[in-house]
Protein chains: 4
Amino acid sequence: MTETPTEDVTHDGHHGGHHGYMSAKDDYLKRLRRIEGQARGLQRMVEQDTYCIDILTQVTAMKSALESVALALLEDHMSHCVLDAARKGGVEADEKISEASAAIKRLVKS
Amino acid sequence: MTETPTEDVTHDGHHGGHHGYMSAKDDYLKRLRRIEGQARGLQRMVEQDTYCIDILTQVTAMKSALESVALALLEDHMSHCVLDAARKGGVEADEKISEASAAIKRLVKS
Amino acid sequence: MTETPTEDVTHDGHHGGHHGYMSAKDDYLKRLRRIEGQARGLQRMVEQDTYCIDILTQVTAMKSALESVALALLEDHMSHCVLDAARKGGVEADEKISEASAAIKRLVKS
Amino acid sequence: MTETPTEDVTHDGHHGGHHGYMSAKDDYLKRLRRIEGQARGLQRMVEQDTYCIDILTQVTAMKSALESVALALLEDHMSHCVLDAARKGGVEADEKISEASAAIKRLVKS
């Protein structure tokens, strides 16, 4: 959304367009940096012999933040890539649905 | 497990303030550093406009690595802190079980 | 897929069409009956004082079977209802994506 | 909890062959019957061509109820079988912890 036309010309990726998460790129980077910070915080906790249960609580919070990133990526992907493919029709739409379903399955079963 | 008797005297057990994961501290730090690296790798993927589904696959792998750390911490905690409390008996044993159960619940329901 | 035009006239549900899972209705019923049987099997195990861990193993198997039903329903829903809405375009397509995303979120976070 | 002293004499403890969930047997049976009912309700929903997302919501509720049963069984198991083994000491305590940890892992990773 904040992309200039020049950038549009440069990275004209999938189907001449952008991936689902492009408009929220900065938001994803911010969330992932925070998650990276949580990983470093966990190392400090282990180094300082923090009580196991307190470390576990932080691991759970980090897992939850990561799942939220996955769910947001998935929604963006469906709103853009999947919808675009569906509008164009043809076999590509079915392939996009199968691919997204497989990603959801890996996330749920992991 | 790799502790020498001398170390045993110095850090005398869990009652002297040590937790279940102490013997595997280096292993946890290595795993958490790798997870921190995965968080940085995800940022690079977003910056380079990697395809959404490929990012999701990496997020799922990172979530799985984090869950494995949680499960290892939990097992270490039960093998040390919970067992120690149980051996001493009394109300503390029940409290440790409740506390561990609550941590498991947060992990499963998160 | 195996539906005759006559059936199309009779159950003209959503948007003059069928829900995503219609073509696989018998398959879903079979899976749900098996899951119902697992719930009865668990009651027998409790009545017969089966060892806790063995009951837990069965509960995990049942949870996994249920998740597989959820994932199959989701894929059918996206292949039919969501794709149909996307082809027609307009705001309804976005609503279907939001609705499916919310369902995925509930499943992952539950 | 609702056991009378007479019953206490009859089923004396877990060493006489009883499991962690014994005192709450009726509660588990009630919860499992409700879950069995949810499985039947889902079959009715499929038969009546209920909208996919509404079925998914019920599947998620049923999965959540099942997970709560698993977590309750696990806590009962740890409060009784694992604590008992820990009090007696020896290798059996470690085996019980490993066994419970493996069950938790299957539940989390399923």
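Cut-offs used in this document
Residues numbered from 1 in each chain as written. Chains lettered and ligands numbered in written order. Predicted model: local features only at pLDDT ≥ 70, side-chain atom pairs only at ≥ 80, totals over all residues. Heavy atoms only, no water. Helix = DSSP H or I, 4+ residues; strand = E, 2+ residues; numbered from the N terminus. Contact = heavy atoms within 4.5 Å. Areas by Shrake-Rupley, 256 points an atom, 1.4 Å probe, with all protein chains shown as cover. Axes fitted to C-alpha atoms, helices over the stretch in contact; angles between N-to-C directions. Parallel < 35°, antiparallel > 145°, perpendicular 65-115°, else oblique. Left-handed = near helix turned anticlockwise from the far one by under 90°. Least-squares fit on C-alpha atoms with pLDDT ≥ 70 in both. pLDDT = per-residue confidence, 0-100. Polar contact = N/O pair within 3.5 Å; in protein donor to acceptor, adjacent residues only side chain to side chain. Buried area = accessible area lost by both parts, 1.4 Å probe. Salt bridge = Lys/Arg side-chain N within 4 Å of Asp/Glu carboxyl O. Nonpolar A, V, L, I, M, F, W, Y, C, P; charged D, E, K, R; others polar. Buried < 20%, exposed > 50% of the residue type's maximum accessible area, 1.4 Å probe, protein only. Disulfide = S-S within 2.5 Å.

The subject of this paragraph is the overall build of chain A. Counting secondary structure elements, chain A contains four helices and zero strands. Element order for chain A, N to C, with α for helix and β for strand: α-α-α-α. In chain A, the proportion of contacts linking residues at least 24 apart, taken out of those at least 6 apart, comes to 54%. Of the roughly 5,000 Å² of accessible surface on chain A, a fraction of 51% belongs to carbon and sulfur atoms.

All right, on to the packing of helix H4 (residues 91-109) of chain A against helix H3 (residues 52-88) of chain C then. The geometry of a pair of packed helices is captured by two quantities: the angle between their axes and the separation between those axes. Here H4(A) crosses H3(C) at 155°, and the two axes come no closer than 10 Å. Judged by the inter-axis angle, H4(A) sits roughly antiparallel to H3(C). The element H4(A) and its partner H3(C) pack so that their crossing is right-handed. The segment H4(A) lies against H3(C), with Ala93(A), Asp94(A), Ile97(A), Ser98(A), Ser101(A), Ile104(A), Lys105(A), Val108(A) and Lys109(A) engaging Ser64(C), Glu67(C), Ser68(C), Leu71(C), Leu74(C), Glu75(C), Met78(C), Ser79(C) and Leu83(C).

Relative to the helices and strands, Gln43(A) resides in helix H2 (residues 25-47). Setting aside chain neighbours within four positions, we find Gln43(A) in contact with Leu29(B), Leu32(B), Arg33(B) and Glu36(B).

As a further point, take the relation of the copies chain A and chain B. Mapping chain A onto chain B is achieved by rotating through 180° and translating by 0.0 Å along the same axis, at an RMSD of 0.0 Å. The two molecules are tied by a two-fold rotation axis, judged by turn and shift. For chain A, the minimum C-alpha distance to the rotation axis belongs to Glu36(A) and amounts to 2.7 Å. Looking at chain A, 96% of its interface residues are interface residues in chain B too, so the copies touch through the same face.

Turning our attention to the confidence of the model for chain A. All names here are of chain A. When pLDDT is averaged across chain A, the result is 85; 81% of the residues are at 70 or more. Per-element averaging of pLDDT across chain A places helix H1 (residues 5-10) at the bottom with 36 and H2 at the top with 97. Every residue in residues 1-17 scores below 50 in pLDDT, and together they form 15 contacts with partners more than four places removed in sequence or on other chains.

A separate point is the side chain of Lys96(C). Note that Lys96(C) resides in helix H4 (residues 91-109). Engagement of the side chain of Lys96(C) in a polar contact is seen with the side chain of Tyr51(D), the distance being 2.6 Å.

It is worth spelling out the interface of chain A and chain B at this point. Facing 46 residues of chain A, the contacting portion of chain B comprises 45 residues. Taken over both partners, the interface formed by chain A and chain B buries close to 4,400 Å², and the fraction arising from carbon and sulfur atoms is 69%. Taken as a group, Tyr51(A), Leu56(A) and Lys63(A) account for 14% of the area that chain A buries against chain B, more than any other trio of residues on that side. Taken together, the links from chain A to chain B amount to six salt bridges. The salt bridge involving Arg40(B) is made with Glu36(A); its shortest N-O contact spans 3.1 Å. If you look at where chain A meets chain B, you find 18 residue pairs in polar contact (both at pLDDT 80 or more). Contributions of two or more residues to the side of chain A that touches chain B are made by H2, helix H3 (52-88) and H4 of chain A. It is H3(A) that provides the largest number of residues to the side of chain A that touches chain B, a total of 16 residues. Tallied by class, residues from the side of chain A that touches chain B come to 25 nonpolar, 10 polar and 11 charged.

The next point concerns the pattern of salt bridges. As a working rule, side chains carrying opposite charge can pair if their charged atoms are close by. Counting across every chain of the model gives 30 salt bridges over all chains. Between Lys96(A) and Glu99(A) there is a salt bridge, with the nearest N and O atoms lying 4.0 Å from each other. Taken together, the residues span about one helical turn, with Lys96(A) and Glu99(A) both in helix H4 at a distance of three residues. Since its relative accessible area comes to 28%, Glu99(A) is described here as partly exposed. Connected through salt bridges with shared partners, the residues Glu36(A), Arg40(A), Glu36(B) and Arg40(B) form a single ionic network.

Right, let's talk about the environment of Ala100(D) for a bit. Mapped onto the elements of the fold, Ala100(D) is located in helix H4 (residues 91-109). Sequence separation between Ala100(D) and His77(D) is 23 residues; the distance between their C-alpha atoms is 8.3 Å. Setting aside chain neighbours within four positions, we find Ala100(D) in contact with Ile53(C) and His77(D).

Two cysteines joined by a covalent bond between their sulfur atoms form a disulfide. Per the stated rule, a full pass over the model turns up zero disulfides over all chains. No disulfide involves Cys52(B); its sulfur sits 3.8 Å from the nearest other cysteine sulfur, which is in Cys81(A). Judged by its relative accessible area of 0%, Cys52(B) falls in the buried class.

Residue Lys96(A) is classed as buried on the basis of its relative accessible area of 7%. Placed 64 residues apart in sequence, Lys96(A) and Leu32(A) show a C-alpha to C-alpha distance of 25 Å.

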